[in-house]
Amino acid sequence: MTPVTRQEVLGLYRKIFRIAKKWQSASGQIEETIKEKEYIKNEAKTLFRKNKNVMDPKLIKQCIEECEARIEIGLHYNIPYPRPIHLPPMGLAHKQGRMLRHQEKLRKISKPIYLKSHDEVS
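The following paragraphs examine the structure supplied in this document. (Residues numbered from 1 in each chain as written. Predicted model: local features only at pLDDT ≥ 70, side-chain atom pairs only at ≥ 80, totals over all residues. Heavy atoms only, no water.)

So, the pattern of salt bridges
- Here the structure, examined in full by the defined rule, presents two salt bridges.
- In this structure, Glu43 and Arg70 form a salt bridge, with 3.1 Å as the shortest nitrogen-oxygen distance. Of this pair, Glu43 sits in helix α2 (residues 30-50) while Arg70 sits in helix α3 (residues 57-77), and the two are 27 residues apart along the sequence. Each of the two residues, Glu43 as well as Arg70, counts as buried.
- Lys61 is paired through a salt bridge with Glu65; the nearest N and O atoms lie 3.9 Å apart. Placement of the pair is Lys61 and Glu65 together in helix α3, with a separation of four residues, close to one helical turn.
- On the accessibility criterion, Lys61 (52% relative accessible area) is exposed. (Salt bridge = Lys/Arg side-chain N within 4 Å of Asp/Glu carboxyl O. Helix = DSSP H or I, 4+ residues; strand = E, 2+ residues; numbered from the N terminus. Buried < 20%, exposed > 50% of the residue type's maximum accessible area, 1.4 Å probe, protein only.)

Here's the deal with α3
- Over its 21 residues, α3 extends 30 Å from the first C-alpha to the last, a length consistent with the 30 Å expected when each residue adds 1.5 Å.
- Taken as a whole, α3 has its buried residues at Ile60, Ile64, Glu66, Cys67, Ala69, Arg70, Ile71, Ile73 and Gly74.
- One or two residues past the end of α3 sits Asn78, with phi positive at roughly 60 degrees. (Expected span 1.5 Å × (residues − 1).)

A look at the layout of surface pockets
- Considering only enclosed or pocket space, the largest pocket measures out at about 760 Å³ in volume.
- Around the largest pocket sit 35 residues that line it, and Ile16, Ala44, Leu47, Phe48 and Cys67 are the ones nearest its centre.
- Contributing elements (two or more residues each) for the lining of the largest pocket: α1 (3-22), α2 and α3.
- If you tally residues by element for the lining of the largest pocket, the top one is α3, at ten residues.
- Here the residues of the lining of the largest pocket sort into 26 nonpolar, three polar and six charged. (1 Å grid on protein atoms, 1.4 Å probe; cavity = no way out; pocket = protein on both sides within 12 Å on 5 of 7 lines; lining within 4 Å. Points joined across faces, edges and corners; volume = space filled by probe spheres on them. Nonpolar A, V, L, I, M, F, W, Y, C, P; charged D, E, K, R; others polar.)

Some details on the environment of Lys45
- Along the chain, the position of Lys45 falls in helix α2.
- Note on Lys45: relative accessible area 32%, which makes it partly exposed.
- Residues Lys45 and Phe17 lie 28 residues apart in sequence; the distance between their C-alpha atoms is 9.8 Å.
- Excluding its chain neighbours within four sequence positions, the residues that come into contact with Lys45 are Tyr13 and Phe17. (Contact = heavy atoms within 4.5 Å.)

Any functional reading would require information that these geometric values do not contain.
Structure below.
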């Protein structure tokens, strides 16, 4: 990892913890706020530890983009949890045959960047 990339990753890590420190839940309830703050911290720790040994520059860049996307979406919608995607059960399959493997491949391709690591951790 280059020094610039390392600084960028550490900067994102610090940014997430600053956001968690200032976080207020949309409902305004103290219990909800505490629960969401803990979720933000635990999610960051889990994902950063999981990816600490990644050395491929393309994969590092993809992880950074995912992190930035999740930060922006979380701040915009005021929810710390990843926004789910809603696809009809067989909405992406071809009209002839409806092959399950093709369906799963299309779902994987259509998954937004901010949800790439969510299923791996959950």
